[in-house]
Amino acid sequence: MAERQGIDAATGSVKSHKFLTFQLGEEIYGLDILKVKEIIGIMDITPVPQSPPFVKGVLNLRGKIIPVVDLRLKFGFDEREYTERTCIIVVELETPDGKMLVGIIVDAVSEVTNISEADVEPTPEFGASFSTEYIRGMAKIKSKVVILLDIGMVLSGGGLGQFAG
């Protein structure tokens, strides 16, 4: 039996994965739900001197200090005032030193949705001057496009290593 993209060879069913979708501006992004530990409202963040501008600081999450990244700034978008819809998504990353929790600030969390592999297109090429290695693919949901992120690649480097451990 020939294997088609997105079809489970053993069961013949279409493979799908759950993603948490969220918004930055008008765009919708998706994170693998297995990376998400929890979603919290915006809370007091302690700035850390000499950290990159997108690292807003650290917060105390039930006794654990975790770095917080403003994803809007990480992607080079304009800074925006936080609202009652602004959330911090706490994700767990694999690092060479073990697992690490990181909070990412997004404009709003949308929903958890199943996305079939058949509905995911590869990331388009934008040329050598624009890296897309942090994008897992582009999902088509109804008439919208959801940019599926590899959050580990998004947050790799960029000054978070000082918080690991």
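Procedures and definitions
- Residues numbered from 1 in each chain as written.
- Predicted model: local features only at pLDDT ≥ 70, side-chain atom pairs only at ≥ 80, totals over all residues.
- Heavy atoms only, no water.
- Core = buried A, V, L, I, M, F, W, Y, C linked by side-chain atoms within 4.5 Å.
- Buried < 20%, exposed > 50% of the residue type's maximum accessible area, 1.4 Å probe, protein only.
- Helix = DSSP H or I, 4+ residues; strand = E, 2+ residues; numbered from the N terminus.
- Contact = heavy atoms within 4.5 Å.
- 1 Å grid on protein atoms, 1.4 Å probe; cavity = no way out; pocket = protein on both sides within 12 Å on 5 of 7 lines; lining within 4 Å.
- Points joined across faces, edges and corners; volume = space filled by probe spheres on them.
- Nonpolar A, V, L, I, M, F, W, Y, C, P; charged D, E, K, R; others polar.
- Salt bridge = Lys/Arg side-chain N within 4 Å of Asp/Glu carboxyl O.
- Phe/Tyr/Trp six-rings, centres within 6.5 Å; stacked < 30°, edge-to-face > 60°.
- Lys NZ or Arg CZ within 6 Å of the ring centre and 35° of its normal.
- Pairing = 2+ DSSP bridges.

Looking now at the nonpolar core. Membership of the largest hydrophobic core comes to 26 residues, with the highest contact counts inside it found for Phe22, Leu31, Ile89, Ile104, Val106 and Leu155. Mapped onto this core, the elements with two or more residues apiece are strand S1 (16-24), strand S2 (27-32), strand S6 (87-95), strand S7 (98-106), strand S10 (135-141), strand S11 (144-149) and helix H2 (151-155). Other than its neighbours up to four places away in sequence, Val106 contacts Phe22, Gln23, Leu24, Leu71, Thr86, Cys87 and Ile89.

Next up on the list: unusual backbone geometry. Positive phi values are uncommon outside glycine, yet Gln50 reaches one of about 65 degrees. Of note, Gln50 is situated in the loop between strand S3 (36-41) and strand S4 (55-61). Phi at Arg62 takes a positive value of approximately 50 degrees, unusual for a residue other than glycine. Mapped onto the elements of the fold, Arg62 is located in the loop between S4 and strand S5 (64-70).

Turning our attention to empty space enclosed by the protein. One way to see where empty space is left: roll a probe the size of a water molecule over the atoms. Following the criterion strictly, the structure yields one cavity of 30 Å³ or more and no others. Looking at the largest cavity, its volume works out to about 40 Å³. In terms of lining, the largest cavity is formed by Leu24, Asp70, Arg72, Arg80, Tyr82, Thr86, Ile105, Val106 and Asp107. Residue composition of the lining of the largest cavity, by class: four nonpolar, one polar and four charged.

Okay, the pattern of salt bridges next. Taken as a whole, this structure holds eight salt bridges when the rule is applied. Among the salt bridges present, the one from Asp107 reaches Arg80, with a minimum N-O distance of 3.3 Å. You can see Asp107 sitting in the loop between S7 and strand S8 (108-116) and its partner Arg80 sitting in the loop between helix H1 (71-74) and S6, a full 27 residues away along the chain. A salt bridge links Glu121 to Lys140; the shortest N-O distance between them is 2.9 Å. One end of the pair, Glu121, is in strand S9 (residues 120-121); the other, Lys140, is in strand S10, with 19 residues separating them in the sequence.

The subject of this paragraph is the packing of aromatic side chains. Tallying each qualifying case throughout the model produces four aromatic pairs. Centroid distance Phe22 to Tyr29: 5.7 Å. Interplanar angle 20 degrees. Geometry classified as stacked. For Tyr29, a relative accessible area of 5% puts it in the buried group. Aromatic side chains Phe75 and Phe77 sit 6.1 Å apart centroid to centroid with 75 degrees between the ring planes, which places their arrangement in the edge-to-face category. Using a relative accessible area of 33% as the deciding quantity, one classes Phe77 as partly exposed. Looking at Lys74, its charged tip hangs above the ring of Phe54, at a distance of 4.4 Å from the centre.

Before going further, it helps to examine the sheet that holds S1. Here six strands make up an open sheet; going across it, the order is S8-S1-S2-S11-S10-S9 and the pairing mixed. Both outer strands of the open sheet, S8 and S9, are each paired with one neighbouring strand and no more. Looking at chain direction, S1 and S8 are connected through eight bridges and run antiparallel. Bridged to Phe19 within S8 is Thr113.

Another aspect to go through is the pairing of S10. Sheet topology note: the S9/S10 ladder contains two bridges and is antiparallel. Paired with Val120 across the bridge in S10 is Ala139. Of the pairings in the sheet, the one linking S10 to S11 comprises six bridges and is antiparallel in character. Bridging from a neighbouring strand, Ile141 pairs with Lys144 of S11.

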